[in-house]
Amino acid sequence: MTASRRLGALLCVAVLGVLFAGGLVVAALGGLPAVLAYAAGALILLGVAMVRGRHLLAPAAPPPGRTCTCCTASQHDPVRVV
């Protein structure tokens, strides 16, 4: 596991801890309907964050016109016979 993945995992654990603590506060102040609304909102926000995070971590698409990633030539470059 690389350092950036460890840092991301620690951040996720911290965010989940804050959301759980917030849920406890909402439960104490608002009762069951407030907890259900809070949980629904938190799950929606976590889902959006997960999708955006996956898009940010996805590898970039190769540039158009390239046939491979091992060189900088394309299929339209002239061929030179030695």
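Let me sum up the structure you'll find in this document. Being a predicted model, the structure only gives us computed values, none of them experimental. (Residues numbered from 1 in each chain as written. Predicted model: local features only at pLDDT ≥ 70, side-chain atom pairs only at ≥ 80, totals over all residues. Heavy atoms only, no water.)

## What to know about the overall build of the protein chain
(1) Moving on: Looking only at helices and strands, the protein chain features two helices and zero strands.
(2) Moving on: Relative to its 82 residues, the protein chain shows a buried fraction of 4%.
(3) Moving on: Total accessible area computed for the protein chain in this model is approximately 7300 Å², and 73% of it derives from carbon and sulfur atoms. (Helix = DSSP H or I, 4+ residues; strand = E, 2+ residues; numbered from the N terminus. Buried < 20%, exposed > 50% of the residue type's maximum accessible area, 1.4 Å probe, protein only. Areas by Shrake-Rupley, 256 points an atom, 1.4 Å probe, with all protein chains shown as cover.)

## Here's the deal with the packing of helix 1 (residues 3-30) against helix 2 (residues 32-57)
(1) Moving on: Relative to each other, helix 1 and helix 2 sit at 160°, their axes nearing to 8 Å. In terms of orientation, helix 1 and helix 2 fall into the roughly antiparallel class. Considering how the two elements wind past one another, helix 1 and helix 2 form a crossing that is right-handed. Counted together, Val15, Leu16, Val18, Leu19, Gly22, Gly23, Val26, Ala27 and Gly30 of helix 1 and Leu32, Pro33, Ala34, Val35, Tyr38, Ala42 and Leu46 of helix 2 form the full contact between these two elements. (Axes fitted to C-alpha atoms, helices over the stretch in contact; angles between N-to-C directions. Parallel < 35°, antiparallel > 145°, perpendicular 65-115°, else oblique. Left-handed = near helix turned anticlockwise from the far one by under 90°. Contact = heavy atoms within 4.5 Å.)

## Digging into helix 2
(1) Moving on: With 26 residues, helix 2 should reach 38 Å at 1.5 Å per residue; the first-to-last C-alpha distance of 37 Å fits that figure.
(2) Moving on: Little of helix 2 is tucked away: one of the 26 residues are buried. (Expected span 1.5 Å × (residues − 1).)

## What about the layout of surface pockets?
If a probe the size of a water molecule is rolled over the atoms, the empty space left behind becomes visible.
(1) Moving on: Each pocket or cavity is described by its volume, and for the largest pocket that value is around 670 Å³.
(2) Moving on: Lining of the largest pocket is provided by 15 residues; of these, Gly8, Ala9, Cys12, Gly53 and Leu57 occupy positions nearest its centre.
(3) Moving on: Of all the secondary structure elements, the ones that give two or more residues to the lining of the largest pocket are helix 1 and helix 2.
(4) Moving on: No other element matches helix 1, which puts eight residues into the lining of the largest pocket. (1 Å grid on protein atoms, 1.4 Å probe; cavity = no way out; pocket = protein on both sides within 12 Å on 5 of 7 lines; lining within 4 Å. Points joined across faces, edges and corners; volume = space filled by probe spheres on them.)

## So, helix 1
(1) Moving on: The end-to-end C-alpha distance of helix 1, which contains 28 residues, comes to 40 Å, matching closely the 40 Å that a straight helix rising 1.5 Å per residue would cover.
(2) Moving on: Phi turns positive, to about 85°, at Gly31, one or two residues after helix 1.

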